[in-house]
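Structural overview
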Amino acid sequence: MNNKNLKITEFQESDLNALRELFLKSRIKTFFWMDSITFNLLDFDKETQGEYILTVLCDDKVIGFISVWIPTNFIHHLYIDESFHKRGIGKELLKTVIEKTGLPIRLKCLEKNTDAIQFYKKLGFEKREKGESENGSYYVMKLSEDIE
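Reading the values: rules and limits
- Residues numbered from 1 in each chain as written.
- Predicted model: local features only at pLDDT ≥ 70, side-chain atom pairs only at ≥ 80, totals over all residues.
- Heavy atoms only, no water.
- Salt bridge = Lys/Arg side-chain N within 4 Å of Asp/Glu carboxyl O.
- Helix = DSSP H or I, 4+ residues; strand = E, 2+ residues; numbered from the N terminus.
- Buried < 20%, exposed > 50% of the residue type's maximum accessible area, 1.4 Å probe, protein only.
- pLDDT = per-residue confidence, 0-100.
- Pairing = 2+ DSSP bridges.
- Axes fitted to C-alpha atoms, helices over the stretch in contact; angles between N-to-C directions.
- Contact = heavy atoms within 4.5 Å.
- Core = buried A, V, L, I, M, F, W, Y, C linked by side-chain atoms within 4.5 Å.
- Expected span 1.5 Å × (residues − 1).
- Phe/Tyr/Trp six-rings, centres within 6.5 Å; stacked < 30°, edge-to-face > 60°.
- Lys NZ or Arg CZ within 6 Å of the ring centre and 35° of its normal.

**Points about the pattern of salt bridges**
Here the structure, examined in full by the defined rule, presents nine salt bridges. Among the salt bridges present, the one from D45 reaches R20, with a minimum N-O distance of 2.6 Å. Separated by 25 residues along the polypeptide, D45 in helix α2 (residues 43–47) and R20 in helix α1 (residues 16–30) bring together distant segments of the chain. With relative accessibility at 28%, the residue D45 sits in the partly exposed group. Measuring nitrogen to oxygen at the nearest pair gives 2.9 Å for the salt bridge that ties R27 to D43.

**A closer look at the confidence of the model for the protein chain**
Here the protein chain averages 94 in pLDDT, while 98% of its residues score no lower than 70. For the protein chain, helix α3 (residues 89–101) is the element with the lowest average pLDDT, namely 95, and strand β3 (residues 61–69) is the one with the highest, namely 98.

**A short note on the sheet that holds strand β5 (residues 105–110)**
Overall, mixed pairing links the seven strands, which are arranged β1-β2-β3-β4-β5-β7-β6 in an open sheet. Where the open sheet ends on each side, the last strands, each with one partner, are β1 (6–10) and β6 (126–133). When the angles between neighbouring strand axes are averaged without regard to direction, this sheet yields 25 degrees. Across the face of the sheet, α1 comes into contact with β2 (52–58), β3 and β4 (74–80) while running at roughly 80 degrees to β3. Across the sheet, helix α4 (residues 114–122) touches β4, β5, β6 and β7 (136–143), and the angle it forms with β5 is around 155 degrees.

**Some details on the nonpolar core**
If you look at the biggest cluster of nonpolar residues, it comprises 29 residues, and the most contacted ones within it are I66, I75, L94, V97, Y120 and F125. For this core, the leading source of residues is α3, giving five residues. Once residues within four sequence positions are removed from consideration, I66 is found in contact with Y52, I53, L54, I75, H77, L78, L93, L94 and V97. One finds F23, M34, L57 and Y79 within the second-largest nonpolar core, a separate group that totals 17 residues.

**A look at α3**
For α3, which comprises 13 residues, the first-to-last C-alpha distance of 18 Å matches the rise-based estimate of 18 Å (1.5 Å per residue) to within 8%. Buried residues of α3: I89, G90, L93, L94, V97, I98 and T101, and no others.

**With respect to the packing of aromatic side chains**
One pass over the structure, following the stated rule, counts nine aromatic pairs. A network of ring pairs unites the aromatic residues F23, F44, F65 and Y79 as a single cluster. The ring of F39 carries the charged tip of R27 above its face, separated from the ring centre by 4.1 Å.

**Overview of the pairing of β2**
With seven of its seven residues buried, β2 lies for the most part within the structure. Neither face of β2 is left uncovered, since the one carrying Y52, L54, V56 and C58 and the one carrying I53, T55 and L57 both have all their residues buried. Pairing geometry for β1 and β2, over five bridges, is antiparallel. When the sheet's bridge partners are listed, K7 is paired in β2 with L57. Looking at chain direction, β2 and β3 are connected through seven bridges and run antiparallel. Residue pairing across strands places Y52 opposite V68, the latter belonging to β3. Here β2 folds back onto β3, and the loop between the two strands holds two residues, one of which, D59, carries a positive phi near 50 degrees.

Below is the structure:
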């Protein structure tokens, strides 16, 4: 992440509305096979309750975040505004959160979310098990070594 206008910070209440909007917009785009009518702005609050959240800002505008359930080092969400994809921002968010949580760190990724699976595999995550949920098949993925 070589853009000097980017900053990773811990969650700030002042960013809540922007995070809600990013979460909703990203989920609608990412989970195109689901009925997006069931998604709403307050999902962010429910889905990240009690989690450690890092926010990415570009020129003080929210462009991404990661949320982690610290007791089990489980990444629950990682979203970057689509216009900032492929710039290394997700990788930097993961590196920063690993500084806080340590390794190993795990996550679930829906099988249909092929872009995310490729992203995590490229960074060294390994598929450990497969499961089923109301949203479809998913993989549990685990990272045991630091990201380069």
